[in-house]
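# Survey of secondary and tertiary structure
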Amino acid sequence: NNANLGKPWAQYHLGRGLLSRSEAVESMKREAMKWLKMAAAHGHPGACVTLSHRYFYGEEYGRDLAKAEAYAEQAKEIHSAFVPVANKYLYLIASTHLKYSDDAAAEHILSRLIFYERDSSSMDIMGGLLSHIGAYHLAALAFERCAMAGSESAANFAASLHLQSEKYSLAKGWSQYARKANIVFGTDSSEWLMCKDCRDSWRCKLREIRDFVGWCDVALEGETRKMCGGCRTYCYCSRDCQKRHWNDFWVSHSEECKEAGKRVVELRALLDKTKRSQSA
C-alpha cells in the first residue's frame, strides 16, 4: 500500500525484495526494476545506486553504461553519504570505457571524480589512466593531490605531466617541491632514483628556456636575459616581449603564472607544517 501511495522507501524495499527472491522470474525482475525506478524518481539514493549496479553489470535489461552513470550521479546529488559507493561505480564505468577505447567518455567521468576522490591511492591510479589517454592537465591535477598527501613520486609525475603540457612554470614548482620533499619526508632512495629521468628532463628544458625566449626565440645572454618576476621561469628579451607573451590569446602566460604562484604558497605551507610536526 505504501509503495502504491508513492512512498519512495516502500518502493525501494519492495523492488529490492523482489530482486532478492531466489525464485524470481523475468516478470518479477521487471516489476522490481519498475519499483526501483519509481523510488529513484522520488529521490531515493539507495534505489539510484541499485539501478546503477544493475545497469552496469547488465542484469535484467543488458549493460547500459549511460544509465549506470546517470543513476550513480543522481545518487551523489541526493545524499552525500552515497558519494563513495556511487564513485565506485563511476570508476568502474570509466575503466570499461577505456577498455573499449572510448577515451572521451572515460575522461568525462574521471575529470569529475578527481574533485570527489579523497583516497590518495585511487587518485594515483586515476592519474595514470588520464595520462594514458593524453589528458595530461587532468592527470597532473590527480598527481598533485597525491603529492599534497606526501607522495614525492607523485610530485615528480605532476612535474613531468606539466612539462608535456608545456606548463613550464608549474613543472618547475612541482620539481622543486619534490626535491625539498625528499629531504623533509625522508623518501626512500629507490623512489628518488626512480624519478631521476623526470628531473633530468625538467633541468634540460629549464636550461633551454633560459637561453632562448619561448615567445620569439631570441638567443639570450647575460644582460639580455630578463626573467618573469612572478614564476621566475620564462625569460624575455624585452619588456614588450614579456607583455605579448602575458596577453597572447592562445598561449597567455598570465593564468599559468598566477596558478604557479598559488601552488608555491600552498607547497611552502605544506612543507612548513610537516617540519613542525616532525620537530614536535
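Structure first, text after, so check above.
Residues numbered from 1 in each chain as written. Predicted model: local features only at pLDDT ≥ 70, side-chain atom pairs only at ≥ 80, totals over all residues. Heavy atoms only, no water.

## A word on the overall build of the chain
- Within the chain, the regular secondary structure consists of 14 helices and 2 strands.
- Looking at the 280 residues of the chain, the share that counts as buried comes to 43%.
- Intrachain contacts of the chain at a sequence separation of at least 6 include 50% that bridge at least 24 residues.
- Here the chain has roughly 15,100 Å² of accessible surface; of this, 52% comes from carbon and sulfur atoms. (Helix = DSSP H or I, 4+ residues; strand = E, 2+ residues; numbered from the N terminus. Buried < 20%, exposed > 50% of the residue type's maximum accessible area, 1.4 Å probe, protein only. Contact = heavy atoms within 4.5 Å. Areas by Shrake-Rupley, 256 points an atom, 1.4 Å probe, with all protein chains shown as cover.)

## Examining the pattern of salt bridges
- The tally for this structure, following the rule as stated, stands at 8 salt bridges.
- A salt bridge links Arg112 to Glu69; the nearest nitrogen and oxygen atoms lie 3.0 Å apart. You can see Arg112 sitting in helix α6 (residues 103-113) and its partner Glu69 sitting in helix α4 (residues 65-78), a full 43 residues away along the chain.
- Looking at Arg112, the relative accessible area reads 23%, which means it is partly exposed.
- Residue Glu73 pairs with Arg112 through a salt bridge whose shortest N-O separation is 2.4 Å. Separated by 39 residues along the polypeptide, Glu73 in helix α4 and Arg112 in helix α6 bring together distant segments of the chain. (Salt bridge = Lys/Arg side-chain N within 4 Å of Asp/Glu carboxyl O.)

## Quick notes on unusual backbone geometry
- One non-glycine residue, Glu166, lies in positive phi territory at about 60°.
- Tracing the chain through its elements places Glu166 in the loop between α9 (152-164) and α10 (168-184).
- Classification of Glu166 as exposed rests on a relative accessible area of 51%.
- Residues other than glycine seldom take positive phi values, yet Arg232 does so here, at roughly 50°.
- Relative to the assigned elements, Arg232 resides in the loop between β1 (226-227) and β2 (235-236).

## Examining the packing of α4 against α6
- For the pair α4 and α6, the least separation of the axes is 13 Å and the interaxial angle reads 15°. It follows from the interaxial angle that α4 and α6 lie roughly parallel. Pair α4 / α6 crosses with left-handed handedness. Here Glu69, Glu73 and Lys76 of α4 lie close against α6, whose contacting residues are His108, Ile109, Arg112 and Leu113.
- For the contact of α4 with α6, the class distribution of residues is 2 nonpolar, 1 polar and 4 charged. (Axes fitted to C-alpha atoms, helices over the stretch in contact; angles between N-to-C directions. Parallel < 35°, antiparallel > 145°, perpendicular 65-115°, else oblique. Left-handed = near helix turned anticlockwise from the far one by under 90°. Nonpolar A, V, L, I, M, F, W, Y, C, P; charged D, E, K, R; others polar.)

## A closer look at the environment of Ala86
- Along the chain, the position of Ala86 falls in helix α5 (residues 83-99).
- Judged by relative accessible area, which is 0%, Ala86 ranks as buried.
- In this structure the C-alpha to C-alpha distance between Ala86 and Tyr71, which are 15 residues apart in sequence, comes to 8.5 Å.
- Not counting the four nearest positions on each side in its chain, Ala86 is found in contact with Ala72, Ala75 and Lys76.

## Some points on the side chain of Lys172
- With respect to the helices, strands and loops of the structure, Lys172 is situated in helix α10.
- For the buried residue Lys172, which engages in no salt bridge, the nearest side chain bearing the opposite charge is Glu256, 11 Å off. (Lys, Arg positive; Asp, Glu negative; His and termini not counted.)

## Here's the deal with helix α3 (residues 45-56)
- Relative to the 16 Å expected for 12 residues at 1.5 Å per residue, α3 spans 16 Å between its end C-alpha atoms, a close match to the ideal helical length.
- With 11 of its 12 residues buried, α3 lies for the most part within the structure.
- Taken residue by residue, α3 has Pro45, Gly46, Ala47, Cys48, Val49, Thr50, Leu51, Ser52, Arg54, Tyr55 and Phe56 as its buried positions.
- Lining the buried residues of α3 we find α1 (8-20), α2 (26-41), α4 and α5.
- Backbone geometry just after α3 places Gly58 at a positive phi near 75°. (Expected span 1.5 Å × (residues − 1).)

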